[in-house]
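Structural overview
Now for the letters of each chain:
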Number of protein chains: 2
Amino acid sequence: MKIAILGYGNIGKAAEEAIKAAPDMQLAGIYHHNDCLDCIDADVVLVCTPTREMQKFATVLAARGICTVDSFDIHGQIWSLRSSLDAVCQANHAVSILSAGWDPGTDSMVRALLMAMSPKGLTYTNFGPGRSMGHTVAAKAIKGVKNALSMTIPLGTGIHRRMVYIELEDGADFKTVEAAILADDYFAHDETHVIAVDSVDALNNVAHGVNLVRSGVSGETHNQRFEFNMTINNPALTGQVMVSCARAAMRMKERGEFGAKTMIELRPIDLLPGSTEQNIKALV
Amino acid sequence: MKIAILGYGNIGKAAEEAIKAAPDMQLAGIYHHNDCLDCIDADVVLVCTPTREMQKFATVLAARGICTVDSFDIHGQIWSLRSSLDAVCQANHAVSILSAGWDPGTDSMVRALLMAMSPKGLTYTNFGPGRSMGHTVAAKAIKGVKNALSMTIPLGTGIHRRMVYIELEDGADFKTVEAAILADDYFAHDETHVIAVDSVDALNNVAHGVNLVRSGVSGETHNQRFEFNMTINNPALTGQVMVSCARAAMRMKERGEFGAKTMIELRPIDLLPGSTEQNIKALV
């Protein structure tokens with residue numbers, strides 16, 4: 001299958017590596033966000049542009065019947081994005097996999113699985129410590145910010161602190177920039193600290209992690225305890241998950257299962273190369 | 001949806017509790033393995049008989065177009081079971097979910113997900129300490145064994161010790177019984193110790209657990225580390241997973257997706273009550 005990349009930042013570069021490492025894929029080109037979309041010839045396009053720009057690209061591609069995968073990461077807007085793209089995909093026989101990263105993404109699949117294992121109870125998703133790509137991009141977009149790094153610090157029970165390190169542009173006022181960051185929807189709901197530094201580059205590290213815990217009830221039995229941990233290179237994992245989802249998109253399109261889907265709507269086996277028999281024998 | 005239970009041991013009883021706790025299910029009856037299968041009126045039957053007896057029941061029910069869920073747990077025989085049942089299900093418009101427990105089952109879904117996140121690397125599934133239901137049933141079936149308990153002890157890197165506590169029948173020879181246990185396919189591949197005790201009942205505890213670890217490569221990035229842990233009541237979790245899979249079976253049948261499937265072939269969202277919108281908003 002031929003996979004193209006649209007947008008060539010951290011995630012686009014990681015996706016390129018994952019495509020090249022896949023036994024069943026061929027890189028069909030790397031496109032910048034201002035390239036002509038009509039020139040793209042691919043089975044699936046990985047939309048690796050910033051989250052807030054991806055919908056227009058995915059819509060144009062789906063209208064041409066081309067499958068897309070994105071890692072849209074604003075949790076509260078996923079359902080409306082899915083509703084909008086689903087109609088375009090259904091009408092044009094395309095599959096669009098939304099929010100294909102690790103959260104939203106693979107963590108969502110783990111959360112769904114834990115709900116199926118213990119329908120009553122509490123799940124806490126604790127992120128980091130690590131650099132949030134979405135929050136970093138959002139901070140960089142604020143007027144007066146030359147460079148930024150947003151670190152996510154887990155405080156337990158799903159509560160997080162955001163540590164935002166910024167380099168100011170010449171003449172920018174720290175208090176004005178700080179207020180704009182604190183008012184942004186990415187930061188408005190968490191304890192956030194903005195710190196001016198001389199060099200953001202000196203702090204940069206794409207390590208990240210999660211500690212996802214659930215204590216729940218199976219049937220009438222309480223104290224069922226579950227925990228999912230990872231420590232990972234963030235863009236490398238996101239790029240890899242997008243590439244695995246490109247495979248699922250192709251398989252769904254081949255079966256005539258058109259539409260826009262989130263990862264909890266995907267079969268895990270569709271993410272993997274190899275036959276059904278090979279994967280069942282190796283993994284079940 | 002109407003869900004019946006066939007077989008009323010540890011798992012059947014746990015499944016009954018999970019059905020009663022489900023907001024969208026009704027218990028359609030509890031049947032013993034020597035009851036008349038033609039009398040069963042249900043959308044889905046949970047086959048909670050011992051692993052080695054389930055295939056005949058699932059086959060008869062699938063031939064009547066009734067969906068089934070089982071927790072068949074002999075890993076090496078799942079593919080051939082699936083091949084055999086799939087043909088019956090396809091011909092009679094039924095769905096049969098195989099090996100719906102926690103391993104095989106939900107652990108299989110986690111292993112598949114970790115492969116999608118880091119295609120190269122090693123996964124180790126470490127079980128216990130805890131009572132293995134499949135191994136306990138296998139030990140109890142050995143001639144001369146009055147009662148048995150098989151404990152699984154994790155030794156790391158997926159290596160396990162089996163501690164088999166047995167009460168002998170009057171006149172049974174320990175050495176003969178021990179040799180029969182050690183030769184059984186359930187025990188032949190692991191370090192196994194057989195210990196005669198006065199009372200198995202005094203040792204019984206259905207707690208179990210898993211520590212599933214993977215260190216892998218995403219794209220070209222090494223040292224991606226993942227860990228899934230749980231400590232659980234074993235039959236309660238197995239019964240709950242079977243009940244969640246009954247829901248998935250119904251949804252697949254309604255969509256015309258007939259056949260025999262393992263859990264890595266299921267969409268996580270199909271395991272959950274509620275609408276697509278509710279689940280995406282709550283979990284993605």
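Coordinates for the structure precede this section.
Residues numbered from 1 in each chain as written. Chains lettered and ligands numbered in written order. Predicted model: local features only at pLDDT ≥ 70, side-chain atom pairs only at ≥ 80, totals over all residues. Heavy atoms only, no water.

1. Brief notes about the sheet that holds strand β6 (residues 120-127) of chain B
Strand order in this open sheet of 6 strands is β6(A)-β11(A)-β12(A)-β12(B)-β11(B)-β6(B), and the pairing throughout is antiparallel. Looking at which strands have only one partner, the edges of the open sheet turn out to be β6 (120-127) of chain A together with β6 of chain B. Within the sheet, the average angular offset between the axes of one strand and its neighbour, ignoring direction, is 10°. Bridging between strand β11 (residues 207-218) of chain A and strand β12 (residues 221-233) of chain A involves 11 bridges; their strand directions are antiparallel. Opposite A:Gly216, over in β12(A), you have A:Gln224 as the bridge partner. (Pairing = 2+ DSSP bridges. Helix = DSSP H or I, 4+ residues; strand = E, 2+ residues; numbered from the N terminus. Axes fitted to C-alpha atoms, helices over the stretch in contact; angles between N-to-C directions.)

2. With respect to the side chain of B:Glu178
All names here are of chain B. By the element assignment, glutamate 178 lies in helix α6 (residues 174-183). Overall, the relative accessible area of 17% leaves glutamate 178 in the buried class. Within polar-contact distance, the side chain of glutamate 178 engages the side chain of lysine 175 at 3.4 Å. (Buried < 20%, exposed > 50% of the residue type's maximum accessible area, 1.4 Å probe, protein only. Polar contact = N/O pair within 3.5 Å; in protein donor to acceptor, adjacent residues only side chain to side chain.)

3. Remarks on the pairing of strand β3 (residues 44-47) of chain B
Residues and elements named next belong to chain B. Burial of β3 is two-sided: the residues Val44 and Leu46 facing one way and the residues Val45 and Val47 facing the other way are all buried. Bridge analysis of strand β1 (residues 2-6) against β3 gives 4 bridges, and the strand direction is parallel. Paired with leucine 6 across the two strands is valine 47, which belongs to β3. As paired strands, β3 and strand β4 (residues 67-70) are joined by 4 bridges and run parallel to one another. Among the inter-strand pairings, valine 44 is bridged to a residue of β4, identified as cysteine 67.

4. Digging into the interface of chain A and chain B
With 59 residues of chain A at the interface, the matching set in chain B holds 59 residues. Carbon and sulfur atoms supply 68% of the area buried between chain A and chain B, which totals about 5,200 Å² over both sides. Summed over the shared surface of chain A and chain B, the result is 2 salt bridges. Residues A:Arg267 and B:Glu257 are paired through a salt bridge, measuring 3.8 Å at the closest nitrogen-oxygen approach. The interface formed by chain A and chain B holds 22 residue pairs in polar contact (both at pLDDT 80 or more) in total. Contributing elements (two or more residues each) for the side of chain A that touches chain B: α1 (10-21), α3 (78-92), α4 (106-117), β12, α7 (234-254) and α8 (276-283) of chain A. Ranked by the residues each element gives to the side of chain A that touches chain B, the list is headed by β12(A), at 12 residues. In this structure, β12(A) lies alongside strand β12 (residues 221-233) of chain B, joined through 7 bridges in antiparallel fashion. The partner of A:Phe226 across the bridge, within β12(B), is B:Met230. (Contact = heavy atoms within 4.5 Å. Buried area = accessible area lost by both parts, 1.4 Å probe. Salt bridge = Lys/Arg side-chain N within 4 Å of Asp/Glu carboxyl O.)

5. Topic: the relation of the copies chain A and chain B
Superposition record for chain A on chain B: RMSD 0.0 Å, screw rotation 180°, translation along axis 0.0 Å. These values place the two chain copies in the arrangement generated by a two-fold rotation axis. Comparing interface residues between copies, 100% of those in chain A also lie at the interface in chain B; the contact surface is shared. (Least-squares fit on C-alpha atoms with pLDDT ≥ 70 in both.)

6. Some points on the sheet that holds strand β2 (residues 26-31) of chain A
Strand pairs in the sheet, formed through backbone hydrogen bonds, run parallel or antiparallel to each other. Residues and elements named next belong to chain A. Read from one edge to the other, the open sheet built from 6 strands follows the order β2-β1-β3-β4-β5-β13, with strand pairing classed as parallel. A single partner strand is all that each edge strand has here, and the edge strands are β2 and β13 (259-262). Strand-to-strand twist of the sheet, defined as the mean angle between neighbouring strand axes without regard to direction, takes the value 20°. For strand β4 (residues 67-70) and strand β5 (residues 95-98), the ladder comprises 2 bridges, and the chain directions are parallel. The residue bridging threonine 68 from the neighbouring strand is serine 96, located in β5.

7. Quick look at helix α7 (residues 234-254) of chain B
Since one α-helical turn is 3.6 residues long, residues separated by three or four positions face the same way. Residues and elements named next belong to chain B. Taking 1.5 Å per residue as the helical rise, α7 with its 21 residues ought to reach 30 Å, and the 31 Å between its terminal C-alpha atoms agrees with that figure. Counted residue by residue, α7 has 19 buried out of 21 residues, so it is predominantly covered. Sitting at the amino-terminal end of α7 is asparagine 233, which places a side-chain oxygen 3.0 Å from the backbone nitrogen of alanine 236. Glycine 256 sits one or two residues past α7 and shows a positive phi near 80°. (Expected span 1.5 Å × (residues − 1).)

8. Examining helix α1 (residues 10-21) of chain B
Residues and elements named next belong to chain B. Taking 1.5 Å of rise per residue, the 12 residues of α1 would be expected to cover 16 Å, and the 17 Å separating its terminal C-alpha atoms lies within 8% of that figure. Every buried residue of α1 is accounted for by Ile11, Gly12, Ala14, Ala15, Glu16, Ala18 and Ile19. Looking at the packing, one finds that the buried side of α1 touches β1, β2 (26-31), β3, α5 (133-140) and α7.

9. So, the nonpolar core
Note on soluble globular proteins: their nonpolar side chains tend to be buried together. The biggest cluster of nonpolar side chains holds 170 residues, and the ones touching the most others in it are A:Leu46, A:Phe228, B:Leu46 and B:Phe228. The residues touching A:Phe228, leaving out its near neighbours within four places in the chain, are A:Asp107, A:Val110, A:Val210, A:Asn211, A:Leu212, B:Leu114, B:Met117, B:Phe226, B:Glu227 and B:Phe228. (Core = buried A, V, L, I, M, F, W, Y, C linked by side-chain atoms within 4.5 Å.)

10. Quick word on the state of the cysteines
What is meant by a disulfide is a covalent connection between two cysteines, made through their sulfur atoms. Residue and element names in this part refer to chain A. The tally for this structure, following the rule as stated, stands at 0 disulfides over all chains. Counting only cysteine sulfurs, cysteine 89 is the nearest neighbor of cysteine 67, a cysteine outside any disulfide, at a range of 7.5 Å. Residue class for cysteine 89 comes out buried when judged on its relative accessible area of 0%. (Disulfide = S-S within 2.5 Å.)

11. Structural notes on the environment of B:Asp24
Residues and elements named next belong to chain B. Topologically, aspartate 24 is positioned in the loop between α1 and β2. Judged by its relative accessible area of 23%, aspartate 24 falls in the partly exposed class. Placed 161 residues apart in sequence, aspartate 24 and aspartate 185 show a C-alpha to C-alpha distance of 40 Å. With near-sequence residues (within four places) excluded, aspartate 24 lies in contact with Met1, Arg247 and Pro273. In terms of polar contacts, aspartate 24 uses its side chain to reach the side chain of arginine 247, at 2.7 Å.

12. Re the side chain of A:Asp70
All names here are of chain A. Within the secondary structure, aspartate 70 is located in strand β4. It turns out aspartate 70 is buried and unbridged, and the closest side chain with the opposite charge, arginine 82, is 11 Å from it. Contacts of aspartate 70, omitting those with residues within four sequence positions, involve Val47, Met54, Ile97, Leu98, Ser99, Ala100 and Met242. (Lys, Arg positive; Asp, Glu negative; His and termini not counted.)

13. Regarding the packing of aromatic side chains
Counted under the stated rule, the structure contains 2 aromatic pairs over all chains. The side chain of A:Lys13 reaches across the aromatic face of A:Tyr8, ending 5.6 Å from its centre. (Phe/Tyr/Trp six-rings, centres within 6.5 Å; stacked < 30°, edge-to-face > 60°. Lys NZ or Arg CZ within 6 Å of the ring centre and 35° of its normal.)

14. A few points about the packing of α1(A) against α7(A)
All names here are of chain A. Relative orientation of the contacting elements α1 and α7 amounts to 55°, with a least axis distance of 7 Å. With respect to α7, the axis of α1 lies oblique. When the axes of α1 and α7 are compared, the crossing they make is right-handed. Residue-level inspection shows Asn10, Ile11, Ala14, Ala15, Ala18 and Ile19 of α1 in contact with α7, the latter providing Pro235, Ala236, Thr238, Gly239, Gln240, Met242 and Val243. Looking at the contact of α1 with α7 residue by residue, the class counts come to 9 nonpolar, 4 polar and no charged. (Parallel < 35°, antiparallel > 145°, perpendicular 65-115°, else oblique. Left-handed = near helix turned anticlockwise from the far one by under 90°. Nonpolar A, V, L, I, M, F, W, Y, C, P; charged D, E, K, R; others polar.)

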